[in-house]
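Here's the letter readout for the chains.
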Amino acid sequence: RMCPLGWLSVASLCLGTLWAVPAQERRKAEKPKADLTLYENLDLDNYDLTLDNYGEILDLSNYEELYDYGDLAPKIEVGTLAPRPKDPKSLPDPGETTAGTPKLQPPSGAGPVPPAPIPGQGLPSCRLCLCLGTSVYCDDAGLEHIPALPPDTTYLYARFNRIGAVRAGDFTGLEKLRRIDLSSNSISWAAADAFRLLPSLQELLLPENRLTALPELPRSIVRLDARLNRIPSAGLRPEAFRDLKQLQFLHLSDNQLDFIPVPLPESLRSLHLQNNNIQTMHEDTFCDSQDHGQIRRALEDIRLDGNPINLSLFPNAFFCLPRLPTGRF
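Residues numbered from 1 in each chain as written. Predicted model: local features only at pLDDT ≥ 70, side-chain atom pairs only at ≥ 80, totals over all residues. Heavy atoms only, no water.

Q: Please explain the confidence of the model for the chain as it appears in this structure.
A: Interpreting fine coordinate detail is not advised for predicted regions of low pLDDT. Averaged over the chain, the pLDDT score is 77; the fraction of residues at 70 or greater is 62%. Counting interchain partners and residues more than four positions distant, the pLDDT-below-50 stretch residues 28-34 has 0 contacts. Scored below 50 in pLDDT, residues 36-66 shows 7 contacts in the model against residues more than four places distant or in partner chains. (pLDDT = per-residue confidence, 0-100. Contact = heavy atoms within 4.5 Å.)

Here you go:
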């Protein structure tokens, strides 16, 4: 027989065990939860970046005109990057090693051994600007004239400087040069042969300068931008654009032109002449008045707004165009 005191001890032990489990579960249940109401006012939709809404959230279109580096990746050749010159004061004395002990000198009769030259390092453009692959970047570098360029230069950006003239020999021998961007300088004069002898030149950008005449252009030119200058009609050679069979973009807005420069090549796609002093035009300006079946499909962007001309007075000048010019009718 078990005494009553023994039975009482066993019963207490069982009751304690049964009470322990619910107590642990009860403590877990009573653990404070995170207050989700604190996050109700957070709008996280703006962080859902996809290819569809990236352009809406980050609008970078304003940078395209000012920083149009069309030659960037994937055309960059990293291996051709020329290092910038170091401060001569920071370079160690060539007669000493890093430990301060003299180096072994060549025999006295042999003379000092010259250092190996770095390609492009001695050219002024690579000291003042950044030579990256076959591109030279000279934007806002305080230039007053075109610096000497490496012979394999393909793209030149020299915007926002103080260049006052383009001389005949500034681009001599640069047969690979495809784009010249001299926007926002003080260029008032360019030699007649400054660009004509460049066989690969496709883009010539001269807006926001002080030009009063256009130089001769190579037949390879595709895009000419000479907006915001001071060019009158007398500053254009007669039939200046007739033989430019690859010209597609001709932008001469905000100048002092009195008439539309004709004849225009069949390759032309965009003609911007707004904000000039054009008052009249010939019926054969855009279309051949003798060929009523002509359709000039390429030329679909013509701007003549901001001129004193009334385009409704010349209806026979537009019959071959896919779209009417922009201007006053």
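Q: Looking at this model, I keep getting lost on the state of the cysteines. Mind explaining?
A: Any covalent bond linking the sulfur atoms of two cysteines counts as a disulfide. Here the structure, examined in full by the defined rule, presents 3 disulfides. Sulfur-sulfur distance for the disulfide between Cys126 and Cys131 comes to 2.0 Å. Note on the Cys126 and Cys131 pair: the S-S dihedral is about -95°, so by sign convention the disulfide is left-handed. A sulfur-sulfur distance of 2.0 Å marks the disulfide that ties Cys129 to Cys138. Residues Cys129 and Cys138 share a disulfide whose torsion about the S-S bond is about 105°; that sign makes it right-handed. As far as the burial class goes, Cys129 and Cys138 line up, both buried. Numbered by order of appearance in the sequence, the disulfide-linked cysteines of the chain pair as 1-3, 2-4, 5-6. (Disulfide = S-S within 2.5 Å. Buried < 20%, exposed > 50% of the residue type's maximum accessible area, 1.4 Å probe, protein only.)

Q: What is the right way to look at the side chain of Arg296 in this model?
A: Inspection of the secondary structure puts Arg296 in the loop between strand S10 (270-272) and strand S11 (301-303). At a separation of 3.1 Å, a polar atom in the side chain of Arg296 contacts the main-chain carbonyl oxygen of Leu264. (Helix = DSSP H or I, 4+ residues; strand = E, 2+ residues; numbered from the N terminus. Polar contact = N/O pair within 3.5 Å; in protein donor to acceptor, adjacent residues only side chain to side chain.)

Q: What exactly am I supposed to notice about unusual backbone geometry here?
A: Glycine aside, negative phi is the norm for most residues, and most peptide bonds take the trans geometry. Omega for the bond connecting Val262 with Pro263 falls within 30 degrees of zero, at -5°, which places this linkage in the cis form. Along the polypeptide, Pro263 turns up in the loop between strand S9 (249-251) and S10. At Phe160, a residue that is not glycine, the phi angle is positive and equals roughly 60°. Position of Phe160 relative to the elements: it lies in the loop between strand S3 (155-157) and strand S4 (165-166).

Q: In this structure, what is going on with the sheet that holds strand S2 (residues 135-137)? I would like to understand it.
A: On the basis of which strands lie adjacent, the open sheet formed by 9 strands has the order S1-S2-S3-S5-S7-S8-S9-S10-S11 and mixed pairing. The sheet is open, and its two edges are formed by strand S1 (130-132) and S11, each paired on a single side. In this sheet, adjacent strand axes meet at a mean angle of 5° when their direction is disregarded. Pairing of S10 with S11, which is carried by 3 bridges, proceeds in the parallel orientation. For Ser270, the partnering residue across the bridge sits in S11 and is Asp301. (Pairing = 2+ DSSP bridges. Axes fitted to C-alpha atoms, helices over the stretch in contact; angles between N-to-C directions.)

Q: Which parts of the structure should I look at to understand the packing of aromatic side chains?
A: The relative placement of two aromatic rings is captured by the distance of their centres and the angle of their planes. According to the stated counting rule, one finds 4 aromatic pairs in the structure shown. Pairing Phe286 with Phe318 gives two aromatic rings, centres 6.4 Å apart and planes at 35°, and the pair type is tilted. On the criterion of sequence distance, the pair formed by Phe286 in the loop between S10 and S11 and Phe318 in the segment after S11 is long-range, its members being 32 residues apart. Its relative accessible area of 2% is what places Phe286 among the buried residues. (Phe/Tyr/Trp six-rings, centres within 6.5 Å; stacked < 30°, edge-to-face > 60°.)

Q: Mind showing me how you'd approach the pattern of salt bridges here?
A: Should the charged atoms of two oppositely charged side chains come close, the side chains can pair. Per the stated rule, a full pass over the model turns up 13 salt bridges. For the salt bridge of Asp193 with Arg196, the shortest nitrogen-to-oxygen distance reads 2.9 Å. Exposure remark for Arg196: the relative accessible area of 34% places this residue in the partly exposed category. Between Asp225 and Arg227 there is a salt bridge, and its shortest N-O distance comes to 2.8 Å. (Salt bridge = Lys/Arg side-chain N within 4 Å of Asp/Glu carboxyl O.)

Q: Honestly, the nonpolar core in this entry has me stumped. Any pointers?
A: Here is a general trend for soluble globular proteins: nonpolar side chains tend to be buried in one another's company. Membership of the largest hydrophobic core comes to 60 residues, with the highest contact counts inside it found for Phe171, Ile180, Phe195, Phe241, Leu271, Met281 and Phe286. If sequence neighbours within four positions are ignored, Phe241 has contacts with Leu214, Leu217, Leu224, Leu236, Leu247, Leu250, Leu252, Pro261, Pro263 and Pro265. (Core = buried A, V, L, I, M, F, W, Y, C linked by side-chain atoms within 4.5 Å.)

Q: Honestly, empty space enclosed by the protein in this entry has me stumped. Any pointers?
A: Counting across every chain of the model gives 2 cavities of 30 Å³ or more. By volume, the largest cavity is sized at about 60 Å³. For the largest cavity, the full set of lining residues is Leu214, Pro215, Leu217, Leu236, Arg237, Ala240 and Phe241. (1 Å grid on protein atoms, 1.4 Å probe; cavity = no way out; pocket = protein on both sides within 12 Å on 5 of 7 lines; lining within 4 Å. Points joined across faces, edges and corners; volume = space filled by probe spheres on them.)

Q: Where do I start with the side chain of Thr154 in this structure?
A: Mapped onto the elements, Thr154 comes out in the loop between S2 and S3. Not counting residues up to four positions away in its chain, the partners in contact with Thr154 are Thr134, Lys176, Leu177, Arg178 and Arg179.

Q: Any chance you could explain the environment of Ala158 here in plain terms?
A: Mapped onto the fold, Ala158 is located in the loop between S3 and S4. Sequence spacing of Ala158 and Gly142 is 16 residues, and the spatial spacing of their C-alpha atoms is 9.6 Å. With near-sequence residues (within four places) excluded, Ala158 lies in contact with Cys138, Asp139, Ile163, Asp181, Leu182, Ser183 and Asn185.

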